[in-house]
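Notes for the structure review
Letter by letter, the chains look like this.
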Amino acid sequence: SCIENREHDCKKPSFQDLKSGMNEKHAMINVVCNDSIHSSDFFQNHPECNRYLDLFAVGVHEKYQRRGIASKLVEKSIQVRNLKILNHIPYNYSTLGGNIKDCDSAIIIATNPNTNGIAQKFKMSPYKTVLWNDYQDEQGEKWFPPEKMPDPCVNSYYKILMKKT
């Protein structure tokens with residue numbers, strides 16, 4: 001998990017920007033995920049939110065799936081923001097300069113049916129859906145052939161954790 005906040009919001013990076021800092025396959029995955037939900041889009045659409053907990057890369061080895069492990073990870077990540085001990089953690093707890101206790105929302109990107117189920121279990125609201133199949137290179141070759149993907153869609157979800165008073 002990481003924390004994104006309005007103060008450090010930036011524009012959505014291009015594929016070339018991403019590729020300059022990571023391998024091509026990870027850059028392609030990031031493009032799809034950023035199109036599903038990106039901080040600049042989220043904060044524009046939710047002016048009441050200033051800091052969110054990004055529950056990214058929730059995954060469990062296939063040998064241990066369907067045991068509730070990923071659900072527990074998500075649950076604990078959301079719950080930890082309510083712990084009183086967090087009042088003693090320095091404000092620069094995350095690399096983006098936010099404190100988890102100040103998160104007013106949480107997001108998750110679901111790239112497979114299991115993660116979609118987790119988002120629904122925690123009553124997260126759908127944000128946006130993109131299709132793996134819509135992404136291709138200049139020659140028209142699919143980045144992610146549908147037959148190799150666990151789900152045809154990448155769904156993003158959000159949950160408001162606390163209302164502003």
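The preceding data block contains the structure.
Below: a short report on this structure. In every chain, residue numbers begin from 1 and rise along the written sequence. Only residues with pLDDT of at least 70 are given local features in this predicted model, and only at 80 or more are side-chain atom pairs given and counted; all residues enter the totals for whole chains, interfaces and linings. Values shown for side chains rest on all heavy atoms present in the structure; no hydrogens or waters enter the calculation.

1. Points about the overall build of the protein chain
Each helix is a run of DSSP H or I of at least 4 residues and each strand a run of E of at least 2, with the numbering of both proceeding from the N terminus. Each helix and strand counted, the protein chain has five helices and five strands in total. Each helix and strand of the protein chain, placed in order from N terminus to C terminus, yields the pattern β-α-α-α-β-α-β-α-β-β. Within the protein chain, buried positions represent 40% of all 165 residues. Any two residues having at least one pair of non-hydrogen atoms within 4.5 Å are treated as being in contact. Residue pairs in contact within the protein chain that sit at least 24 positions apart in sequence constitute 72% of those at least 6 positions apart. Accessibility here uses a 1.4 Å probe with only protein chains present; expressed as a share of the type maximum, an area under 20% marks a residue as buried, one over 50% as exposed, and anything in between as partly exposed.

2. Quick notes on the pattern of salt bridges
Think of a salt bridge as a Lys or Arg side-chain nitrogen and an Asp or Glu carboxyl oxygen that are within 4 Å of each other. One pass over the full model with this rule turns up three salt bridges. Between K19 and E24 there is a salt bridge, with the nearest N and O atoms lying 3.8 Å from each other. On the basis of relative accessible area, K19 is assigned to the partly exposed category, the value being 32%. Sharing partners across several salt bridges, the network here consists of K12, D35 and D41.

3. Quick look at helix 2 (residues 24-36)
How far a helix is expected to stretch is found by multiplying one less than its residue total by 1.5 Å. In a regular helix each residue adds 1.5 Å, so 13 residues correspond to 18 Å; helix 2 covers 19 Å between its end C-alpha atoms and thus fits that length. Looking only at helix 2, the buried set comprises A27, M28, V31, V32, C33, N34 and S36.

4. Focus on the sheet that holds strand 1 (residues 2-5)
Should DSSP find at least two bridges between two strands, the strands are taken to pair. As summarised here, the arrangement of the five strands in space is 1-2-3-5-4, forming an open sheet in which the pairing is mixed. Either end of the sheet is taken by a strand with one partner, and the two such strands are strand 1 and strand 4 (125-131). The mean inter-strand angle of the sheet, taken between neighbouring strand axes irrespective of direction, is 25°. A fitted line through C-alpha atoms represents every axis, and for helices the fit uses only the stretch in contact; the resulting angles, taken between N-to-C directions, go from 0 to 180 degrees. In this fold helix 2 packs onto strand 3 (105-110), strand 4 and strand 5 (153-160), with an angle of close to 140° to the strand it touches most, strand 4. The sheet contacts of helix 5 (residues 113-121) involve strand 3 and strand 5, and relative to strand 3 the element is tilted by about 155°.

5. A closer look at helix 5
Inspection of helix 5 places T115, N116, I118 and A119 among the buried residues, and these make up the whole buried set. For helix 5, the arc enclosing every buried residue in end-on projection is 160°, short of the 170-degree limit, so these residues lie on one face. Immediately beyond the C-terminal end of helix 5, within one or two residues, lies K123, with a positive phi of roughly 55°. Regarding the arc, it is the one traced by the directions from the helix axis to the C-beta atoms.

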